Amino acid sequence: MSERPAATGQAAVDQLLEVLDLDSTGEMTFRGMSPPVGPQRVYGGQVAGQALVAAGRTVGPERFVHSLHGYFVRPGDPTEPIEYQVENVRDGRSFSVRRSVALQHDKPIFFMSASFQRQEEGLDHHAPTPADVPMPDEVPTMSDRLARYPERLGVWGQIPRPIDVRYVGEPGWVRPGDRPAEPHQRVWMRLDGKLPDDPLLHACALTYASDLTLLDSVLSVHGEVWGPGGVVGASLDHALWFHRPFRADEWFLYDCWSPSASGARGLATGRMFTTDGRHIASAVQEGLLRRVGE
């Protein structure tokens, strides 16, 4: 029997929306599920996005998330529900702070602090967008790239792909030796379908996407790849700041680089820009990175 192909486009986006639509189990408690087909452990962007959904549902709609800081403490089991417990740390005149803990088998697998702010006016500036980066329609699609490496596909060929990801350079899942060393990894992304007009949902979708390629920028510095003959890794923590309004279903450039790697850990940072050059978000992550044999 042939393998079921991965869902793409609006069908995959609708599946992601189901994953982000948590069930309420109490005033400050929620339950989330993982996709029926996926990797052996819960994808970090999923649990971070769900934790933000849980936190955001306890805050009034007039306040928008502006930052989150999370730690991955245990691998999640995708076959089991994830319980989210939210603590109201503070509701001030301008800011609300929540702590969101993801649990499986009564043990935390991830915890996050998230801050929400009512809209205010103030100083406004940002660094320029990277120069000479080709536009999304000028770089290969994910399907184009995957066609060159069928042996790297495996289960990833069956996992829904709600994010349209287009690498400007070589991705980290190519064969060892096929990736030149580059100081930056730049990727165009967008939700591969339409999202409702809910700012919290767009922030959660961007959180989901922000974990996809960030740590790969550490490998890019060395021309390294993931998997046999390269490196295995896991996210240790994740921080994200939202600067300006955006839509996650419109193209944004994820410009990532690594300022340091040592002690089997790598630090990665990234900035997200719209096609018209607005800086919408920034991310920082540290990950565990270990070499593996062929």
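About the cut-offs
Residues numbered from 1 in each chain as written. Predicted model: local features only at pLDDT ≥ 70, side-chain atom pairs only at ≥ 80, totals over all residues. Heavy atoms only, no water. UniProt positions renumbered as here; feature names shortened; annotations may be inferred. Helix = DSSP H or I, 4+ residues; strand = E, 2+ residues; numbered from the N terminus. Buried < 20%, exposed > 50% of the residue type's maximum accessible area, 1.4 Å probe, protein only. Pairing = 2+ DSSP bridges. Salt bridge = Lys/Arg side-chain N within 4 Å of Asp/Glu carboxyl O. Polar contact = N/O pair within 3.5 Å; in protein donor to acceptor, adjacent residues only side chain to side chain. Contact = heavy atoms within 4.5 Å.

Student: Please explain the UniProt feature "domain: Acyl-CoA thioesterase 2 C-terminal" (unreviewed entry) in the protein chain as it appears in this structure.
Tutor: In the UniProt entry, the feature "domain: Acyl-CoA thioesterase 2 C-terminal" (unreviewed entry) is given for residues 177–288. The distance from the first to the last C-alpha atom of residues 177–288 is 22 Å, and the span holds 17% helix and 46% strand.

Student: What am I meant to see in the pairing of strand 7 (residues 163–167) here?
Tutor: Within a regular beta strand, the side chains point alternately toward one face of the sheet and then the other, so they alternate between its two faces. Within strand 7, five of the five residues are buried, which leaves the element mostly enclosed by the surrounding structure. As judged from the five bridges shared by strand 7 and strand 8 (residues 184–191), these two strands associate in the antiparallel manner. Bridge pairing in strand 8 links Asp-164 to Arg-190.

Student: Is there a simple way to explain the pattern of salt bridges in this structure?
Tutor: Any two side chains of opposite charge can pair, given that their charged atoms come close. According to the stated counting rule, one finds 17 salt bridges in the structure shown. Taking the shortest distance from any N to any O, the salt bridge between Asp-255 and Arg-186 comes out at 2.8 Å. Of this pair, Asp-255 sits in strand 10 (residues 252–262) while Arg-186 sits in strand 8; the two residues are 69 residues apart in sequence, bridging distant segments of the chain. Taking the relative accessible area as the measure of exposure, Arg-186 reaches 24% and is therefore partly exposed. Among the ionic pairs, Arg-271 bridges to Asp-255, the shortest N-O distance being 3.2 Å.

Student: Would you mind going over the side chain of Arg-244 with me for this structure?
Tutor: Structurally, Arg-244 is set in the loop between strand 9 (231–242) and strand 10. Within the structure, Arg-244 has its side chain in polar contact with the side chain of Asp-124 (distance 2.7 Å). Reaching out from Arg-244, the side chain makes a polar contact with the backbone oxygen of His-279 at a distance of 2.9 Å. Excluding its chain neighbours within four sequence positions, the residues that come into contact with Arg-244 are Asp-124, His-125, His-126, Arg-278, His-279 and Ile-280.

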